[in-house]
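Summary of structural features
Next come the chains, spelled out residue by residue.
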Amino acid sequence: MDWNIEQNRDATESGSRESATPSVWAAHQQDLGAIERQARLRRLQPRSGTDFSSNDYLALSGSARLRDSVAAALARGVPIGSGGSRLLRGNDPEHEALETEAAAFFGSETALFFASGYAANTALLATLPQRGDLVVHDALVHASAHEGMRLGRAETRAATHNDADAVDTVITQWRATGATGRAWIAVESLYSMDGDRAPLDDLLAVATRHDAMLLIDEAHATGVFGPDGRGLAAALEGRETVITLRTCGKALGSEGALLCGPAVARDFLVNRARGFIFSTAPSPLMASAVREGLRILADEPARRSRLAALIAHAERVLAPCGVTPTGSQILPLLIGDDAATMRVAAAVQAAGFDIRGIRPPTVPAGTARLRISLTLNVDEAAIDRLAETLREILP
């Protein structure tokens, strides 16, 4: 037989066998296909439209003062990369300086810098609660808190959103079973999708009554509320039973997150938190930027005043469109139906406004919404235009 013919036949048969073999990515492709058929496939897209979706609440991320600070840090030799984990050679003087200054600014005994709020929240809940303990978490806490609880050793139970009595009941029932561990209460001070505030004083009373720890995620309150932007938990900071998480990539305009609390908690995280021990340290340059962000909070209270004025204006002009007034920079427009929510979001985006539709499981079933986020990147005129657009689009 001619060699070329035989070779072609072998190649054809080989190709047929390969095409009949399922792709190693078949299961993943099927899953993506199912997501797409449900019109829920996520895609990355460039920024466009007027900013009503970011968490850059004080418009610091593009501020001249922060840019100049980063340029000055580079000029004095602050490195961009850390080169290793904090426990190896990655511990830079900028990290140490930030943690010292942050503890003094927020009023905590110590602070520990992480690369992101997700990493900090996950490390916190995966590491500090121990086997035999109980974590009672608000039903609407961040996904990063759930990830930390999943990785941790403690038992976990959800409590009704913003209901201190429900938290008390969960702990009481747990104690009635003979449990002797410590209870940990995990909440956010300002919730990222509803814009409502936790009853922190009531939760502190529950924690005190049960000798429990209170973990407060201040991601969306830091920089916006409290004296000098120290958050809604500013009055609770410094207590032995309180740990706060303060992200640096929202109102502070930079990147990373700080866990503020007792020195023993910091030491335990440095020694036991796998996400801290085995991760390359955050950029020293970002630590330097966060230091400047804290100074801006103290030096420029007018930013918070301007944001408060925008919030008040937005609530006046957007409430007739169905937007829920919250007294915060996060204003939800509940629509309910998933498909209708995404249609409205697409129409608003086509009109030049960057507003995203939020659907379950990010929010509870039946509460799909537009999440309107107010920042100093917009002005009252932009809010007025948004109100006019919503009146035209909404039924």
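An account of the accompanying structure is given in this report. Predicted, not measured: the structure shown is a model, and the values here were computed from it. (Residues numbered from 1 in each chain as written. Predicted model: local features only at pLDDT ≥ 70, side-chain atom pairs only at ≥ 80, totals over all residues. Heavy atoms only, no water.)

1. Focus on the sheet that holds strand E9 (residues 330–336)
To summarise the sheet geometry, strands pair through backbone hydrogen bonds and adopt either a parallel or an antiparallel arrangement. Put simply, the rule is: Only when DSSP finds a minimum of two bridges between them are two strands counted as paired. Under the DSSP-based scheme used, a helix requires at least four consecutive residues in state H or I and a strand at least two consecutive residues in state E, with every element numbered from the N terminus. For helices, the fitted axis covers only the stretch in contact; all axes are lines through C-alpha atoms, and the angles between them, taken along N-to-C directions, range from 0 to 180 degrees. Contacts are assigned to residue pairs with any non-hydrogen atoms lying within 4.5 Å of each other.
Read from one edge of the open sheet, three strands run E9-E12-E11, paired in antiparallel fashion. Pairing within the sheet leaves two strands with one partner each, and these edge strands are E9 and strand E11 (356–358). Averaged over neighbouring strand pairs, the angle between their axes works out to 30° when direction is ignored. With respect to the sheet, helix H13 (residues 338–350) is in contact with E9, E11 and strand E12 (368–373), its orientation differing from that of E12 by roughly 35°.

2. Focus on the nonpolar core
Operational definition: Here, nonpolar core refers to any group of buried Ala, Val, Leu, Ile, Met, Phe, Trp, Tyr and Cys residues whose side-chain atoms link them within 4.5 Å. Throughout, exposure labels follow a simple rule: accessible area from a 1.4 Å probe, protein chains only, divided by the maximum for the residue type, with under 20% read as buried, over 50% as exposed, and the rest as partly exposed.
Core analysis: the biggest nonpolar cluster contains 53 residues, and Phe52, Leu258, Leu318, Ile372, Leu374, Leu386 and Leu390 have the highest contact counts within it. What Leu318 contacts, discounting residues up to four positions off in sequence, is Val323, Leu331, Ile372, Ile383, Leu386, Ala387 and Leu390.

3. Things to note about the packing of aromatic side chains
Convention followed: Each Phe, Tyr or Trp ring (for Trp, its six-membered ring) is paired with any other whose centre lies within 6.5 Å, and the angle between the two planes then decides the class: stacked below 30 degrees, edge-to-face above 60, tilted in between.
Tallying each qualifying case throughout the model produces three aromatic pairs. Note on Phe52 and Phe353: the rings are 6.1 Å apart at their centroids and 55° apart in plane angle, and the pair reads as tilted. One end of the pair, Phe52, is in the loop between strand E1 (50–51) and helix H3 (64–75); the other, Phe353, is in strand E10 (residues 353–354), and 301 residues separate them in sequence. With respect to burial, Phe52 and Phe353 carry one shared label: buried.

4. Notes on helix H5 (residues 117–127)
Buried residues dominate H5, accounting for nine of its eleven residues. Among the residues making up H5, those that are buried are Gly117, Ala120, Asn121, Thr122, Ala123, Leu124, Leu125, Ala126 and Thr127.

5. Focus: the state of the cysteines
Rules: A pair of sulfur atoms, both from cysteines and within 2.5 Å, is called a disulfide here.
This structure, assessed with the given rule, holds zero disulfides. Cys248 takes part in no disulfide bond, and the closest cysteine sulfur, belonging to Cys260, lies 8.7 Å away.

6. What about the side chain of Ser82?
Threshold: Two N or O atoms form a polar contact when they lie within 3.5 Å of each other; inside protein one atom must be a possible hydrogen donor and the other a possible acceptor, and for residues adjacent in sequence the pair counts only when both atoms belong to side chains.
Along the polypeptide, Ser82 turns up in the loop between H3 and helix H4 (93–106). For Ser82, a relative accessible area of 14% puts it in the buried group. Within the structure, Ser82 has its side chain in polar contact with the backbone oxygen of Gly84 (distance 3.2 Å). For Ser82, the residues in contact, after removing those within four places along its chain, are Arg89, Gly90, His95, Thr280, Ala281, Pro282 and Pro284.

7. Considerations on empty space enclosed by the protein
Rolled over the atoms, a probe with the dimensions of a water molecule shows which regions are left empty. To keep things clear, this is the line we draw: Points on a 1 Å grid, built from protein atoms alone, make a cavity when a 1.4 Å probe fits but cannot get out and make a pocket when they are open with protein on both sides within 12 Å along at least 5 of 7 lines; residues with an atom within 4 Å of a point are the lining residues. Grid points are joined across faces, edges and corners, and a volume is the space filled by probe spheres set on the points. Side-chain classes are defined by residue name, with Ala, Val, Leu, Ile, Met, Phe, Trp, Tyr, Cys and Pro counting as nonpolar, Asp, Glu, Lys and Arg as charged, and the others, Gly among them, as polar.
Counting across every chain of the model gives three cavities of 30 Å³ or more. In this structure, the largest cavity is lined by 14 residues; those nearest its centre are Asn121, Ala186, Val187, Leu215 and Asp217. Taken together, the elements giving at least two residues each to the lining of the largest cavity come down to H5, strand E5 (183–188), strand E6 (213–217) and strand E7 (242–247). Of the residues that constitute the lining of the largest cavity, the class distribution is ten nonpolar, two polar and two charged.

8. Section: the packing of H5 against helix H6 (residues 143–151)
Put simply, the test is: A crossing counts as left-handed when the near helix is turned anticlockwise from the far one by less than a right angle, and as right-handed when that turn is clockwise.
Viewed as axis vectors pointing N to C, H5 and H6 meet at an angle of 35°, and their least axial separation amounts to 7 Å. Note that H5 runs across H6; the crossing there is right-handed. Contacts from Gly117, Tyr118, Asn121, Thr122, Leu125 and Ala126 in H5 reach Ala143, Ser144, Ala145, Glu147, Gly148, Met149 and Leu151 in H6.

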